[in-house]
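# What the coordinates show
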Amino acid sequence: MRNISASYIFTGKGSLLKNGIIKLDNNGFVLDVIDTNGLIEETPQLEHYNGIICPGFINAHCHLELSYTKGRFEKSENITGFITQMIKKRESNKTDHEESIFIADSEMQRNGIVACGDISNTEKSFVVKTNSKIRYYNFIEVLGLNENDSNYIINKGKEIQQVALRTNAGDSSISPHASYSLSLKLLEAVKENAEKTKSIISFHNQESKEEAGLFSNTPNNLTYILNNIGLTENTFPKTNKSSLESLMHYLPNQNNILLIHNVFTESKDIELANKYFDYHFWVFCPKSNLFISNTLPNIPLFMQNTDNICVGTDSLSSNNTLSIIEEIKVIQNHFPQISLELLLQWSTINGAKALKMDKLIGSFEKGKKPGVNLIYNLDLLNLKLTNNTDIKVLL
Ligand SMILES: [Zn+2]
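Residues numbered from 1 in each chain as written. Predicted model: local features only at pLDDT ≥ 70, side-chain atom pairs only at ≥ 80, totals over all residues. Heavy atoms only, no water.

### As for the sheet that holds strand β9 (residues 171–176)
With respect to topology, four strands assemble into an open sheet ordered β6-β7-β8-β9, the strand pairing being parallel. Each edge of the sheet is formed by a strand with only one pairing partner; in this case those strands are β6 (57–62) and β9. In this sheet, adjacent strand axes meet at a mean angle of 20° when their direction is disregarded. Sheet topology places β6 next to strand β7 (residues 113–120); four bridges connect them, and they run parallel. Its bridge partner being in β7, Phe57 is matched across the sheet by Ile113. Where helix α4 (residues 150–167) meets the sheet, its contacts fall on β8 (135–142) and β9, and the angle it forms with β9 comes to roughly 160°. Sheet strands touched by helix α5 (residues 184–197): β8 and β9. Its angle to β9, the strand with the most contacts, is close to 150°. (Pairing = 2+ DSSP bridges. Helix = DSSP H or I, 4+ residues; strand = E, 2+ residues; numbered from the N terminus. Axes fitted to C-alpha atoms, helices over the stretch in contact; angles between N-to-C directions. Contact = heavy atoms within 4.5 Å.)

### Considering the coordination of the zinc ion
Every protein donor of the zinc ion is accounted for by His61 (NE2), His63 (NE2) and His204 (NE2), and the metal-donor separations fall at 2.0 to 2.1 Å. Expressed as a motif, the donor residue spacing for the zinc ion is H-x1-H-x140-H. Taken as a pair, His63 in the loop between β6 and α1 (79–89) and His204 in strand β10 (residues 201–205) lie far apart in primary sequence, 141 residues in all. Note on accessibility: His63 and His204 belong to one class, buried. (Donors = N, O, S within 2.8 Å, 3.2 Å for Na, K, Ca; no water. Buried < 20%, exposed > 50% of the residue type's maximum accessible area, 1.4 Å probe, protein only.)

### A short note on the packing of α4 against α5
Here α4 crosses α5 at 40°, and the two axes come no closer than 9 Å. Relative to α5, the element α4 lies oblique. The handedness of the crossing between α4 and α5 is right-handed. Counting all contacts with α4, which are made through Ser150, Ile153, Ile154 and Lys158, the residues of α5 involved are Lys185, Leu186, Ala189, Val190 and Asn193. Residues belonging to the contact of α4 with α5 are distributed by class as follows: five nonpolar, two polar and two charged. (Parallel < 35°, antiparallel > 145°, perpendicular 65-115°, else oblique. Left-handed = near helix turned anticlockwise from the far one by under 90°. Nonpolar A, V, L, I, M, F, W, Y, C, P; charged D, E, K, R; others polar.)

### Examining α5
The terminal C-alpha atoms of α5 lie 20 Å apart, and with 14 residues this matches the ideal 20 Å at 1.5 Å per residue to within 8%. By the burial criterion, the buried members of α5 are Leu184, Leu186, Leu187, Val190, Lys191, Asn193 and Ala194. Lining the buried residues of α5 we find β8, α4, β9, β10, α8 (243–247) and α9 (267–276). Downstream of α5 by one or two residues, Lys198 has phi in the positive range, about 55°. (Expected span 1.5 Å × (residues − 1).)

### Remarks on the side chain of Ser202
By secondary structure assignment, the location of Ser202 is in strand β10. Dropping the residues within four chain positions of it, Ser202 is found in contact with Ile119, Phe139, Ser175, Pro176, Leu258 and Ile260.

### Quick look at the sheet that holds β10
Taken together, four strands build an open sheet; the order of strands is β10-β11-β12-β13 and the sheet is parallel. What marks the edges here is a single partner per strand, and that holds for β10 and β13 (309–311). Taking each pair of neighbouring strands and ignoring which way they run, the sheet shows an average axis angle of 30°.

### So, unusual backbone geometry
Look at Asn240: it is not a glycine, yet its phi comes out positive at around 60°. Structurally, the position occupied by Asn240 is in the loop between α7 (221–227) and α8. By relative accessible area, which is 61% here, Asn240 ends up exposed. At Asp314, a residue that is not glycine, the phi angle is positive and equals roughly 60°. Relative to the elements of secondary structure, Asp314 occurs in the loop between β13 and α12 (324–334).

### Observations regarding α4
In this model α4 runs 26 Å from its N-terminal to its C-terminal C-alpha over 18 residues, within 8% of the 26 Å that 1.5 Å per residue would give. Ser150, Ile153, Ile154, Gly157, Ile160, Gln161, Val163 and Ala164 are the residues of α4 that are buried. In a view along the axis of α4, the buried residues occupy a sector of 170°, so they form one face of it. Every exposed residue of α4 that faces more than 90 degrees away from the buried side is listed here: Asn151, Tyr152, Leu165 and Arg166. Turning to α4, the residues buried within the fold contact α3 (126–130), β8, β9 and α5. Phi turns positive one or two residues past the end of α4, at Asn168, with a value near 60°. (Arc of directions from axis to C-beta.)

### A few points about the nonpolar core
If you look at the biggest cluster of nonpolar residues, it comprises 81 residues, and the most contacted ones within it are Ile52, Phe57, Met108 and Ile375. The two domains that each donate at least three residues to this core are domain 1 (2–54 + 380–393) and domain 2 (57–361). Once residues lying within four places of it in the same chain are set aside, the contact partners of Met108 are Asn59, Cys62, Leu64, Ile113, Cys116, Ile134, Tyr136 and Leu322. Of all hydrophobic cores here, the second largest spans 19 residues; its members include Ile119, Tyr137, Ile200 and Phe281. (Core = buried A, V, L, I, M, F, W, Y, C linked by side-chain atoms within 4.5 Å. Domains from an automatic or database assignment.)

### Brief notes about the state of the cysteines
Within the structure shown, the criterion is met by zero disulfides. Cysteine Cys54 remains unbridged, with the sulfur of Cys310 as its closest cysteine sulfur at 15 Å. For the unlinked cysteine Cys62, the closest cysteine sulfur is that of Cys116, found at 4.6 Å. Cys62 gets classed as buried once you look at its relative accessible area, which sits at 1%. (Disulfide = S-S within 2.5 Å.)

### Looking at the pairing of strand β14 (residues 372–376)
Most of β14 sits inside the fold, with four of its five residues counted as buried. Pairing analysis gives four bridges linking strand β5 (residues 46–55) to β14, with the strands arranged antiparallel. Each bridged residue has a counterpart across the sheet, and for Cys54 the counterpart in β14 is Asn373.

Next comes the structure, spelled out in structure tokens:
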């Protein structure tokens, strides 16, 4: 048994417990959480740390498959710059895929990540996932603008799901890529499949401002790129509304759905989404947004309407770390009014709920096995992360 205490304990929700104690059994299951009201006595076998103890982090959005592209992309000003590089640099070196995925998975473990919602376009990451300590939810991502390909694409996705099942690589679902990359027929097929299987869905939402242009009569740089891969004038309805408003009803509304990025999401989109979706989560990947479009979502706007916010790293194409603490440092630096407790809640229990893993991980509650992270080198007086703040995995 281990008795672990620190300057503060974050249990997964609510305020920090000053000098709290968590008791765990030898297998890492929580036996008890003790609020000492700040008073702690010298007790034998009590480990005490300077910092904050919190449950293992949940990375709500990653693409392990793209790990081999680490350092190959240049910072862009908008999504078209990024997509152009992706088309050129993808698959340029196939041999190092598995090793780079292994290294990326190890990096996440070192950074205290215990679960991850990972986008998989192929089965390349499954061997690493089968052997990893991290619990993965695999979003088998489908895309295609030519509606004649829809059945083929869905069936290909189902085949990859079978491999995930066979190799024990984690639960999986067939998931739509983004607002700009699926024909309406393919979106409808994904929706039907999701409703039938009650799966969790992920959707790259409003990552770029150019997406809205696809639903108007004014072409932009994104339109021109997509014209080369099957976009026609008739692919999308010309609603003159945002991409989310235009496509919302093509997404299932009773499944858990992770809306990723949301950089150009406005209050009307948030209101409509809150009405339409029963279980939606806004996932922010701030370091990737700064890399791709040099801007961040208006996070306080989302906070006025919802608690369901999670944090992801995105891939090593657009990020140089796979670390939740590095992501929330960026959020804190841009939006200092957001409390550390809330940032930690987004990083732990909220991600676990989004991936339906909250029965086992995400918080210190009796019977769960959430992992134990020590956050150290922070400003404990003001409860702020600093540039030097880091993670040590205790369990
Ligand atoms: Zn992504």
